[in-house]
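Structural overview
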Amino acid sequence: MARYEQVQGTVALITLTNPPVNALSAAVRLGITETVTRALRDPEVKSMVICGENGVFCGGADIREFAKPMSGPPLVPMIAAIEEGEKPVVAAIEGAAFGGGLELALGCHYRIAHSKARVGLPEVTLGLLPAAGGTQRLPRLIGLAPALDLITTGRHVTAQEALKLGIVDQVTDQSALDLAIQFAQQVVGQPLLPRKLSTRQTPCPPDVDGLLEETMAQVKQRARGAMAPIACVQAVRAAATLPYQAGMQKEQELMATLFHSSQARAMQYCFFAQRAVGRWSLSSGAHSGNSKPRPVSKVAVIGLGTMGRGITVALVKAGMSVLAVETNKKQLEIGKQMVSAMLKHDAQKRNATPRLDLLHFTIDLLELKNTDLIIEAVFEDMALKKQVFKELSSVCKADAFLCTNTSGLDVDELAAVTKRPELVVGMHFFAPAHVMKLLEVVHGSRSSPEAVATAMHLGKRLGKVSVLVGNCAGFVGNRMLKPYLEQANFLLEEGATPELVDGALEEFGFPMGVFKMSDLSGLDVGWRIRKEAGLTGPNVDPRDPPRRRQGRRYSPLPDLVCEQGRLGQKNGRGWYLYDKPGGRVATPDPSIHKFLEEYRIKHGISPRQIDRQEVVERCLFALINEGFRSLDDGIAAGPEDIDMIYVFGYGWPRHRGGPMFYAGMVGLPRVLTRLEHYRQAHPEVPHLEPSPLLRRLVASGSPPINKWRDFLQRPHSQL
Ligand SMILES: CCCCCC/C=C/CC(=O)SCCNC(=O)CCNC(=O)[C@H](O)C(C)(C)COP(=O)(O)OP(=O)(O)OC[C@H]1O[C@@H](n2cnc3c(N)ncnc32)[C@H](O)[C@@H]1OP(=O)(O)O
């Protein structure tokens, strides 16, 4: 797993050979240990170069090995042997040097990088810290403040930035390996001690304590309950305050607490789940391996509201030519101004030039005739969308894909009004569409594998995590959100306040609770949908009592709030009070408390004390229960799909792995028991009835999450 060659007479070339990313598996670590020992012993060898096969230096420790008993030589002494040796070692970094890969390079005496290479210590994103000396060597190399930044965020750094920071010694557009070999010959005989990072002092600003305290405060706020970022600060603190060996000891101690934690398991699960969701399959036998996307060069976006603008910006940022369409000149001008401003703002942040040349605006649908793929993003109204699809079907070229950005309407109904239902798919973006990483690709019953492959591929080009889902009301994400919102409203009826519910969910790790999120989205959005569904407004069945609809418990609270003209952040009043219309600072509103009290009196509800555990269980277990139903229905292909939808689209904390992973962590029997308990207490709420899949899993001894697919009633039946 590490190849040994002697090149240019005196240079030992050690190549890591573990495709695709040369991860440091036990075999690779053994290979490095043996080849380095050999080179150090060989009198003909004067220096060494370490590189990786296939243009990738090293993607770090082999994450798949973390769940197994440790075998092979450990990383720390392996890297120490390289640094302590008396022959210069040069790391030739091509592609990527991440985690243990960069730590290996930091143990080398010199680092040469290709200009396209990227380096970083992303362990924090796996619930870990760089425990092969990274928290001790990096600060000694680049100083305390930049090391804190890199290690606590895990961000990837380009070769150019790495050069500026001092992580690498040279960057080349030519072969990094050739330059490293040349370099290795030149540095023979030069003093090695100054190149051994463990012997250096960490460069620190005058107020070390101030910097560490400030960083810790920021990190705690960002962490939302994650332990790893905090441990990273503690480890880097040791690099500034302790001698090297004591710092290494601290690094190991902190790693020991993280390594077997449920948070680390959750985040590593997310790492693989994110990659797994890209490998989709359909019941027809088509899958990502045998279905080719069609090349797409010209895309159009119909409608320049909030979603259409975000989608347009995302497409342009990915370097695609976009035709943006509005119904009239006034709307077109507004859209044009806003899209251009968004692109300029984004480019300014990246110190780049906005690609306004890729944008074209029109109100003439006939201009769509050469477009390869159209994304409809008009108002969420079935009649309107049908009308748009009919027109698109007649003006667009026969093989153009027609995609809808609906957040939950029936894709088959839209496909049915076109002459090409096989080319119709859902592309459900999340607001703001140029920022949010999630894309639900909705497979209608007649969508072709090529259409699915093309939409999934386009999502990837846009830098999105694309998840293929089946067609049902709300698809996967919004379908599961419904029982979650419903429980939150019921909790208000029963005695909670918006702050109590939100506080519990934020403590769980969501960036904002359900009521703050609703205020941000705009309360009128759901109001309109409920009106259309006959749950409120003139279409309500007059026989329904105020707190019952369609045979089940219903809370009219959100409707009543809207009737008071409280629409959320946009007009400064929703479940909270805001500093101004459009303001973001939410403060609890005594008039909402009074309104809730009066509501309870009016409906004869005696308020009770509700604790945070009940909030979390009722809201999240109801959501998880719907997740099990989506799996059993074949609307979600696997638990990983649901988890990635929630992590990337709904702010589910990554260190809790996603709702389905979390259910497994809590224990399926417990989720079942608590749902049964709440169902008994609230017999009029069908969403609390435990799903048959959950019951089957528990009855089968609660198998691990990677075995759940074996228990599905109709695997992939809808996909
Ligand atoms: C007390 C015990 C002490 C133990 C000390 C342990 C120290 C650990 C430090 C570490 O090194 S932790 C690992 C840190 N490294 C990373 O987080 C990098 C992870 N990888 C990536 O970011 C990317 O894969 C990449 C390297 C940038 C390449 O990206 P690309 O888009 O080109 O390919 P992918 O699709 O992401 O990956 C291809 C394939 O490879 C698998 N893979 C990638 N990295 C690893 C890894 N480090 N270990 C195992 N497997 C890895 C990835 O899962 C893909 O395979 P799949 O089958 O499609 O899932």
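Residues numbered from 1 in each chain as written. Predicted model: local features only at pLDDT ≥ 70, side-chain atom pairs only at ≥ 80, totals over all residues. Heavy atoms only, no water.

Some remarks on the overall build of the chain
Which entries qualify depends on this criterion: A run of DSSP states H or I qualifies as a helix once it reaches four residues; a run of E qualifies as a strand once it reaches two. Both are numbered from the N-terminal end. Atoms counted for the radius of gyration: C-alpha only. Globule rule: 2.2 Å times the number of residues to the power 0.38. For each residue, the accessible area found with a 1.4 Å probe, counting protein chains only, is set against the maximum for its type, and the residue is called buried under 20%, exposed over 50%, and partly exposed in between. A contact between two residues is defined here by any heavy atoms of the two lying within 4.5 Å. Accessible surface area values rest on a Shrake-Rupley calculation with a 1.4 Å probe, where residue burial reflects the displayed protein chains alone. Only four residue types enter the charge count, namely Lys and Arg as positive and Asp and Glu as negative; His and the chain termini do not. Charge coordinates come from a single atom per side chain, which is NZ of Lys, CZ of Arg, CG of Asp or CD of Glu.
In terms of helices and strands, the chain carries 27 helices and 21 strands. Computed over the C-alpha atoms, the radius of gyration of the chain is 28 Å, within 12% of the 27 Å expected from 2.2 N^0.38 for a compact globule of 719 residues. Here the C-alpha coordinates of the chain stretch approximately 95 × 60 × 55 Å along the principal axes. Among the 719 residues that make up the chain, the fraction classed as buried is 55%. The contacts of the chain with a sequence gap of at least 6 include a subset with a gap of at least 24, amounting to 72%. When the accessible area of the chain is evaluated, it comes to approximately 30,000 Å², of which 54% is carbon and sulfur surface. Considering the chain, the positive charge centre built from 84 side chains and the negative charge centre built from 73 side chains are found 2 Å apart.

Comments concerning helix H25 (residues 659-666)
Looking only at H25, the buried set comprises Pro659, Met660, Phe661, Tyr662 and Ala663. Packed against the buried residues of H25 are helix H11 (262-276), helix H17 (477-494), helix H18 (498-508), helix H23 (612-633), helix H24 (639-649) and helix H26 (668-681). Looking at the residues trailing H25, positive phi occurs at Gly667, about 110°.

What to know about the site of the ligand
To keep it simple, the criterion reads: Residues are classed as near a molecule or strand on a simple rule: at least one heavy atom within 4 Å of it. Under this definition, polar contacts are N or O atom pairs within 3.5 Å; protein pairs additionally need one hydrogen-donor-capable and one acceptor-capable atom, and for neighbouring residues in sequence, both atoms have to be side-chain atoms. All residues other than Ala, Val, Leu, Ile, Met, Phe, Trp, Tyr, Cys, Pro, Asp, Glu, Lys and Arg, Gly among them, are scored as polar; the first ten of these are nonpolar and the last four charged.
The environment of the ligand is made up of 21 residues, and the closest members are Ala61, Ile63, Gly100, Arg275 and Arg279. Ala61 places a polar main-chain atom, nitrogen or oxygen, 2.7 Å from an oxygen atom of the ligand. At a separation of 2.9 Å, an oxygen atom of the ligand approaches a polar side-chain atom of Arg279. The dominant element in the shell around the ligand, judged by the number of residues it contributes, is H11, at three residues. Residues belonging to the shell around the ligand are distributed by class as follows: twelve nonpolar, four polar and five charged.

Re the UniProt feature "domain: 3-hydroxyacyl-CoA dehydrogenase C-terminal" (unreviewed entry) in the chain
Worth spelling out the cut-off: UniProt positions are given in the numbering used here, feature names are shortened, and annotations may be inferred rather than shown by experiment.
Feature annotation in UniProt places "domain: 3-hydroxyacyl-CoA dehydrogenase C-terminal" (unreviewed entry) on residues 474-578 and 615-702, given in this structure's numbering. Along residues 474-578 one finds 51% helix and 6% strand; the C-alpha atoms at either end are 29 Å apart. For residues 615-702, the helix share is 68%, the strand share is 0%, and the end-to-end C-alpha distance is 25 Å.

Concerning the UniProt feature "domain: 3-hydroxyacyl-CoA dehydrogenase NAD binding" (unreviewed entry) in the chain
Feature annotation in UniProt places "domain: 3-hydroxyacyl-CoA dehydrogenase NAD binding" (unreviewed entry) on residues 298-471, given in this structure's numbering. This span, residues 298-471, is 38% helix and 23% strand, and a straight line between its end C-alpha atoms measures 26 Å.

Notes on the nonpolar core
Definition in use: We call a set of buried residues a nonpolar core when its members are Ala, Val, Leu, Ile, Met, Phe, Trp, Tyr or Cys and they connect through side-chain atoms within 4.5 Å of each other.
Counting 97 residues, the largest nonpolar core has Val501 and Phe628 as its most contacted members. In terms of residue count, H23 provides more of this core than any other element does, ten residues in total. Apart from the residues lying within four places of it in its own chain, the contact partners of Phe628 are Met660, Ala663, Leu668, Ser691, Leu693, Leu694, Leu697 and Trp708. Among the nonpolar cores identified, the runner-up in size contains 69 residues, and Leu16, Phe57, Ile93 and Leu129 belong to it.

Here's the deal with the sheet that holds strand E7 (residues 118-120)
How we decide: Any two strands between which DSSP finds at least two bridges are classified as paired. Angular values range over 0 to 180 degrees, each being the angle between N-to-C directions of two axes fitted as lines to C-alpha atoms, with helices fitted over their stretch in contact.
The mixed open sheet is built from three strands, whose spatial order is E5-E7-E8. Looking at which strands have only one partner, the edges of the open sheet turn out to be strand E5 (96-98) and strand E8 (157-158). Pairing between E5 and E7: three bridges, direction parallel. Residue Phe98 lies in a different strand from E7, and its bridge partner there is Gly120. In the packing of helix H3 (residues 100-107) onto the sheet, the strands contacted are E5 and E7, and the crossing angle to E5 comes to about 95°.

Overview of the domain arrangement of the chain
What counts here: Here the limits of each domain have been adopted from an automatic or database domain assignment.
Domain boundaries assigned for the chain yield domain 1 (2-259), domain 2 (285-474), domain 3 (496-602) and domain 4 (612-634 + 637-711). Using only C-alpha atoms to locate each centre, domain 1 and domain 3 end up separated by 51 Å.

Regarding the pairing of strand E4 (residues 89-93)
Rules: For the handedness criterion, the strands are oriented away from the viewer, and a crossover whose path from the first strand over the helix to the second runs clockwise is classed as right-handed.
Counting buried positions along E4 gives five out of five residues, so the element sits mostly inside the fold. Burial of the side chains of E4 extends over both faces: Val89, Ala91 and Ile93 are buried on one face and Val90 and Ala92 on the other. With helix H2 (residues 75-84) bridging strand E3 (residues 47-52) and the parallel E4, this β-α-β connection has right-handed handedness. One ladder, built from four bridges, connects E4 with strand E6 (residues 110-114); its direction is parallel. Bridge pairing in E6 places Val90 opposite Tyr110.

Details of the pattern of salt bridges
For the record, the criterion: A carboxyl oxygen of Asp or Glu within 4 Å of a side-chain nitrogen of Lys or Arg is what we treat as a salt bridge.
Counted under the stated rule, the structure contains 44 salt bridges. Of the charged contacts, one joins Asp346 and Arg350 as a salt bridge, the two residues approaching to 2.8 Å between their closest N and O atoms. The residue Lys570 makes a salt bridge to Asp524 at a minimum N-O spacing of 2.9 Å. Of the two residues, Lys570 sits in the loop between helix H21 (557-563) and strand E20 (577-578) while Asp524 sits in helix H20 (residues 523-532), which places them 46 residues apart along the sequence. The exposure class assigned to Asp524 is partly exposed, which follows from its relative accessible area of 24%. Where salt bridges share partners, they join Glu493, Glu494, Arg547, Arg553, Arg608, Glu614, Arg618 and Glu684 into one cluster.

Side note on the pairing of strand E15 (residues 424-429)
Within E15, six of the six residues are buried, which leaves the element mostly enclosed by the surrounding structure. Taking every second residue as pointing to the same face, both faces of E15 are buried, with Val424, Gly426 and His428 on one and Val425, Met427 and Phe429 on the other. Pairing analysis gives three bridges linking strand E14 (residues 401-404) to E15, with the strands arranged parallel. In the sheet register, Thr404 faces E15, and the bridge partner there is Gly426. In this fold, E14 hands off to helix H15 (residues 411-416), which returns the chain to E15; that crossover is right-handed. Looking at chain direction, E15 and strand E16 (residues 438-443) are connected through four bridges and run antiparallel. Residue pairing in the sheet places Met427 in a bridge with Val441 of E16.

A short note on the packing of helix H12 (residues 306-317) against helix H13 (residues 329-349)
Our working rule: Angular relationships are summarised with four words: roughly parallel below 35 degrees, roughly antiparallel beyond 145, roughly perpendicular across 65 to 115, and oblique for the angles in between. Take the far helix as the reference: if the near one is turned anticlockwise from it by less than a right angle, the crossing is left-handed, and if turned clockwise, right-handed.
Put simply, H12 and H13 touch, their axes get as near as 10 Å, and they point 45° apart. It follows that H12 is oblique to H13 by the angle criterion. Read as a crossing pair, H12 and H13 show a hand that is right-handed. Where H12 approaches H13, its residues Arg309, Gly310, Thr312, Val313, Val316 and Lys317 are matched on the opposing element by Gly335, Met338, Val339, Met342, Leu343 and Asp346. Class assignment for the residues of the contact of H12 with H13 results in six nonpolar, three polar and three charged.

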